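Observations on the model geometry
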Amino acid sequence: MSKLSLKTFIQQYEEQLVHAENTYVDEEHRHRKLYASIETSIRYLDHELRSLLSNLWIFQAPFLPEFAHNIFCSDTEDTATLPSPIRTHLKTLWQRGLLARITITAHDGTHDLYHLLPTTRPYIQTYMHSTMPQKELFHRYSELYEEITGWAYYDTHQNALAIAFVQQIEKDLEQGIRYADVAKQNTYKTHWAWILYRLGKPDEARTIFEEVLEEVQGYDRPLELQILDHLTVLYQAMGQLQQALMLYEQILPIRRESADRDGEARTLNKMADIYQTMGQPQRTLSLYKQALSISREIADHDGEAHTLGKMAGIYRNMGQLQRALSFFEQALSIRREITDRDGEATILENMAFTYQFMGQPQRALPHYEQALSIRREIADHDGEASTLDLMGFLYQNMGQPQRDTFYEQALSLYEQALPISCEITDRTAEASTLNDMGRLYQKLGQLQRALSYYEQALSTSREIVDRDGEARTLEDMGNVYLTMGQPQRALSYYEQALSINREITNRNGEAHTLEAMGNIYRSMGQPQRALSYYEQALPIRRESGNRAREASTLHDLGNIYRSMGQPQQALSYYEQALPIRQESGNRAGEALTLVKMGQVYQNLGEQQQALSLFEQALSINRESANRAGEVPPLLGMAFSYLTMGHSQRTLSLFEQALSINRESANRAGEALSFNYIANAYRIIGQQQQALSYYEQALPILREIGNRGGEVSTLLGMADVYRELGQPQRALSLYEQSLSFSREIIHRDSEAHTLNKIAGIYQATGQPQQALSYYEQALHIWREIVDLAGEASTLGDIANIYQATGQTQQALSYYEQALSIRREIADRDGEATILHRIANAYQATGQPQQALSYYEQALHIWRGINNRLSEAITIEAMAKVYRDAGQLRQALSYYEQALSINREVDNYTNQGSTLFSMINILANDTDPENIYKSLQYVQQARQLVEHHSFLLDGRGVVIEDIHKLEMLIQQRLIAVQGEVQPPTLPPESL
């Protein structure tokens, strides 16, 4: 084309525009103008550019220049050194405004893609004639996209750029199926369905897989097996385990029919894996045994070792630890025989973890060290980091300072592994490494750094469209914010994870996230909201056939009902979980459920029933050689015996738990045992002994960096000093606890400590100072939306107003607390507030109002079967009648309280009630009642002889009882002799 002056070009362009506009007189006005403009632009294209443009309508989505070259210039090669003219032509068309261009930028590269404008496509299809025969165009187009689909089938698992391409060209990949050769269509569709699954579209993928399966079933066995395998993966990812199993049941006879013994063994192993996930260990073992037999028959040593290791893991989960070790040793021998160093290291790590589970860290450590040596020898940096991580966890449990050294070494290795993953564009491995680093920084308490790595992992997962990985990382980030005392922020991340799990139909992931959210709401004192999440998770667990997880969710429901003061409901859920764990052979889980049930009976005051359940749990764990598992039932038994007043038995059981924790080098457990023993000594009034044990716990907690435990111990020590009448010493420790709570950003502990400080000021007659601290605590509870904490502090504030004679203010705060207790369905807390309101009315001389609130509290205590509190409220009602001079009515209520206290073995309250009854009866003028009071004195004597430490810290001894008895006898003689009887002074009681 000859060159034109600008003036001439503009003149010709305007003439052409008018001419072209008249060509399209039948078109709608807007299209007429548009098509005229397009035709005018095309008029100035040379033949090659026109020819290329006339064929571009075939592309429905953006395309690379290489794609156009392969379709339109397949006889020449397009390389970086000898580029095809197509590349230049496309750029020219883009510059002329006839094409659009987009740039894809990912971590692993940048590429330009072109696409037709939506306004240009209809013009080209209608008014331009393609220069390539349509049949040939469709053939080349389908062959290209079939090839691209085959490439994407293998590359989309880790390549961010591949994912980005596939997302852009999705329409063409799908359209290519229509024009593909019939013989190739089914393979094309299979690849396309797998890509859709990788793009987070499992339902679309499943539809295509099932359509192809119907066509190929029975005559194309390899493709049929490939589709069935893909469908099993898809169903497992969606949490539909029963459907996956049904497909494996179809795969198995095909493997057997073709005498594919290796494939048969692999299928049996996969089926076993699903049954393991579903919590059916006996069925799992049966399938692994079949797979093991085949592997041995065909001399597949690698498969044999793999299955032995799997079986060992099942026996470990069932609590059969010695048997597990036996199978691990067989697997280890084979791995060494076939010189599989990586497999050898994995088995050694599993053996180490088993010894760790058995409470034998010293035996675990050499196995980890052997595994570490192998990882270094074979230059497996990622594996080396993983082993160091495991060793760090072991040292953490042992309370050894080497823990941080191992974590730091592991971090160093992950930092080495990260650039390697980037270099080979293994984005999945990159995301995994970033997650591991985030988790390690979280363990080291470096929460901001942990978040930084999780954010990088999240970005990578999103780039490669790993929706499942994205959801897991969001949950990890939520966990960090939870650790930081920011539950609302944590929930926002869990909600994002939940949305993704639902979007990709990951039912197991959905249930897991729902349970995690339930746990957060429970920790925030919102049991009703927690309950709604657990109730959503339960049917998903049942639907998926995952019996192990179903039992766990039932436990969560039991725990929440227990916290809401509904013990019968709690027992109902624990009783549903128990047979599931028994059927599955999960002995450790069975023992845990028995412990939970024992704790409910403990709360109900049924100590003998509780002890029976704790003893069953203890027996199971001893049979299974699960030393660590012995600790919870021992602690449960100790608390029951403490309630029953058996101090020596209590201390003995706590000492046994302490011994096990020391034996297994569980430093955190050891410190906790010291705290439990200290608490027991506090209860029996031996405060100096209590301090001694708290002081042993404190350095351990500091050594292992457990700041939360340190805060709890300081609070315990402060409580002791407060009880010893040393408020300044107590205050100093509370202030240390407050400082640490703020340092570790633990808002819950901070608020709890502020309450304790307020209590000191209240006890030392400084109500205004106390109110100031309570208000700070109240602000935190409201900020972190902890309704239970808010209600508790409102009650404390009300107590101050009540103590300072400001009853109306007190009642206002009590009513606020009552409203919250009712909102969160905390029946126990509701009854407690009702009892306090009744106390307020009684203190202001309004006995009828007091009795009305006591009766409401009593109704709740009876409804939730809280016998201990029922007795306390009945005794309070007795005091109302006593103060009103209605002594017969008072005695009736005292007798009811005494009966309940005897029933639940509450010796402290028995003593208190007996002395109240003695006070009434001994001061009567009826000799029969005075004589009856002497009988109660005899009962009090027996209590003092056996349980003196429980009598409310009064220091009552036999000599005191003897003096009281003598005074009552003198009064009886005086009454019988019709002499003015002496009134017993209150201090004598």
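A quick note: this is a predicted structure, and the numbers were derived from the prediction, not measured.

**Section: the overall build of the protein**
Looking only at helices and strands, the protein has 48 helices and two strands in total. Counting only residues that meet the buried cut, the protein has 54% of its 989 residues in that class. If you take every contact in the protein between residues at least 6 apart in sequence, the share linking residues at least 24 apart comes to 56%.

**Looking at the packing of aromatic side chains**
When we look at a pair of aromatic rings, we describe it by the centre distance and by the angle of the planes. Taken as a whole, this structure holds 24 aromatic pairs when the rule is applied. A centroid spacing of 6.1 Å and a plane angle of 70° characterise the contact between Tyr141 and Tyr179, whose relative ring orientation is edge-to-face. Taken together, the positions of Tyr141 in helix H7 (residues 134-155) and Tyr179 in helix H9 (residues 170-179) put the pair 38 residues apart, joining distant regions of the chain. For Tyr141, a relative accessible area of 0% translates into the label buried. A ring pair is formed by Tyr315 and Phe327, whose centres lie 5.2 Å apart and whose planes are at 35°; its orientation type is tilted. With a gap of 12 residues between them, Tyr315 in helix H16 (residues 301-317) and Phe327 in helix H17 (residues 321-337) connect regions that are remote in the sequence. Judged by its relative accessible area of 3%, Tyr315 is buried. When its relative accessible area of 13% is taken as the criterion, Phe327 is described as buried. The structure contains a cluster of three or more aromatic residues connected by ring pairs, namely Trp57, Phe59, Phe63, Phe67, Phe72, Phe138, Tyr141, Tyr145 and Tyr179.

**A look at the pattern of salt bridges**
Per the counting criterion, the structure on display carries 61 salt bridges. The shortest N-O distance in the salt bridge between Arg827 and Glu830 comes to 3.1 Å. With Arg827 and Glu830 both in helix H42 (residues 827-843) and three residues apart, the pair spans about one turn of that helix. Classification of Arg827 by relative accessible area gives partly exposed; the value is 28%. With its nearest N and O atoms 2.5 Å apart, the salt bridge here joins Glu903 to Arg867. Separated by 36 residues along the polypeptide, Glu903 in helix H45 (residues 887-903) and Arg867 in helix H44 (residues 867-883) bring together distant segments of the chain. On the accessibility criterion, Glu903 (48% relative accessible area) is partly exposed. Each of Arg682, Asp719, Arg722, Glu723 and Lys756 takes part in a single network of salt bridges with overlapping partners.

**Here we look at the nonpolar core**
In terms of nonpolar packing, the biggest core is built from 192 residues, with Tyr814, Ile837 and Ile968 touching the most fellow members. Discounting residues that sit within four places of it in the chain, Ile837 has contacts with Leu811, Tyr814, Glu815, Leu818 and Tyr853.

**Thoughts on helix H24 (residues 467-483)**
The first and last C-alpha atoms of H24 sit 25 Å apart over 17 residues, in line with the 24 Å expected at 1.5 Å per residue. As for H24, its buried residues are in contact with helix H22 (427-443), helix H23 (447-463), helix H25 (487-503) and helix H26 (507-523).

**Here's the deal with the UniProt feature "repeat: TPR" (unreviewed entry) in the protein**
Following the UniProt record, the feature "repeat: TPR" (unreviewed entry) maps to residues 305-338, 431-464, 471-504, 511-544, 551-584, 591-624, 791-824 and 871-904 here. As annotated, residues 305-338 comprises 88% helix and 0% strand, and the C-alpha atoms at either end are separated by 10 Å.

**Quick look at the environment of Arg316**
Considering the arrangement of structural elements, one finds Arg316 in helix H16. Overall, the relative accessible area of 12% leaves Arg316 in the buried class. C-alpha of Arg316 to C-alpha of Met358: the two residues are 42 residues apart in sequence and 9.7 Å apart in space. When sequence neighbours within four positions are dropped, the list of residues in contact with Arg316 reads Leu321, Ala324, Phe328, Asn350, Phe353, Thr354 and Phe357.

**Here we look at a nonpolar patch on the surface**
A surface patch of nonpolar side chains, about 230 Å² in accessible area, is lined by Phe353, Phe357 and Phe393. Tracing the backbone through its elements, the reader meets Phe353 in helix H18 (residues 341-357). A relative accessible area of 35% places Phe353 in the partly exposed class.

**A few points about the confidence of the model for the protein**
Summarising the model, the protein shows a mean pLDDT of 84, and 89% of its residues fall at 70 or more. Per-element averaging of pLDDT across the protein places helix H1 (residues 6-23) at the bottom with 60 and H17 at the top with 94. Low pLDDT, under 50, characterises residues 949-955; the predicted model gives this stretch 18 contacts beyond four residues in sequence or across chains.

**Some details on H42**
Between its first and last C-alpha, H42 extends 24 Å over 17 residues, near the 24 Å set by a 1.5 Å rise per residue. Restricting attention to buried positions, one finds in H42 the residues Gly829, Glu830, Ala831, Ile833, Leu834, His835, Ile837, Ala838, Ala840 and Tyr841. Tucked into the core, H42 has its buried residues touching helix H40 (787-803), helix H41 (807-823), helix H43 (847-863) and H44. Once H42 ends, the next one or two residues include Gly845, with phi positive near 70°.

**Considerations on the side chain of Glu264**
Its location among the elements puts Glu264 in helix H14 (residues 261-277). Apart from residues no more than four positions distant in its own chain, Glu264 is found in contact with Leu252, Arg255, Arg256 and Ile294.

**Some details on the side chain of Asn755**
With respect to the secondary-structure elements, Asn755 resides in helix H38 (residues 747-763). Not counting the four nearest positions on each side in its chain, Asn755 is found in contact with Tyr774, Ala777, Trp781, Thr793 and Asp796.

**Quick notes on the environment of His367**
Following the sequence through the fold, His367 ends up in helix H19 (residues 361-377). Look at His367 and you get buried, because its relative accessible area is 14%. A sequence separation of 12 residues divides His367 from Tyr355, and the C-alpha atoms of the two residues are 9.3 Å apart. Here His367 is in contact with Leu348, Met351, Ala352 and Tyr355, once residues within four sequence places are set aside. A distance of 3.0 Å separates a polar atom in the side chain of His367 from the backbone oxygen of Arg363.

**Considerations on the environment of Arg542**
Counting through the fold element by element, Arg542 comes out in helix H27 (residues 527-544). A residue is classified by how much of its surface remains accessible, and Arg542, at 41% relative accessible area, is partly exposed. A sequence separation of 264 residues divides Arg542 from Met278, and the C-alpha atoms of the two residues are 9.7 Å apart. With near-sequence residues (within four places) excluded, Arg542 lies in contact with Glu550, Leu554 and Gln576. Polar contacts involving the side chain of Arg542 include one to the side chain of Glu550, which spans 2.9 Å.

Rules used throughout
- Residues numbered from 1 in each chain as written.
- Predicted model: local features only at pLDDT ≥ 70, side-chain atom pairs only at ≥ 80, totals over all residues.
- Heavy atoms only, no water.
- Helix = DSSP H or I, 4+ residues; strand = E, 2+ residues; numbered from the N terminus.
- Buried < 20%, exposed > 50% of the residue type's maximum accessible area, 1.4 Å probe, protein only.
- Contact = heavy atoms within 4.5 Å.
- Phe/Tyr/Trp six-rings, centres within 6.5 Å; stacked < 30°, edge-to-face > 60°.
- Salt bridge = Lys/Arg side-chain N within 4 Å of Asp/Glu carboxyl O.
- Core = buried A, V, L, I, M, F, W, Y, C linked by side-chain atoms within 4.5 Å.
- Expected span 1.5 Å × (residues − 1).
- UniProt positions renumbered as here; feature names shortened; annotations may be inferred.
- Patch = residues over 30% accessible without salt bridge, like charges linked within 9 Å, V, L, I, M, F, W, Y side chains within 5 Å.
- Areas by Shrake-Rupley, 256 points an atom, 1.4 Å probe, with all protein chains shown as cover.
- pLDDT = per-residue confidence, 0-100.
- Polar contact = N/O pair within 3.5 Å; in protein donor to acceptor, adjacent residues only side chain to side chain.

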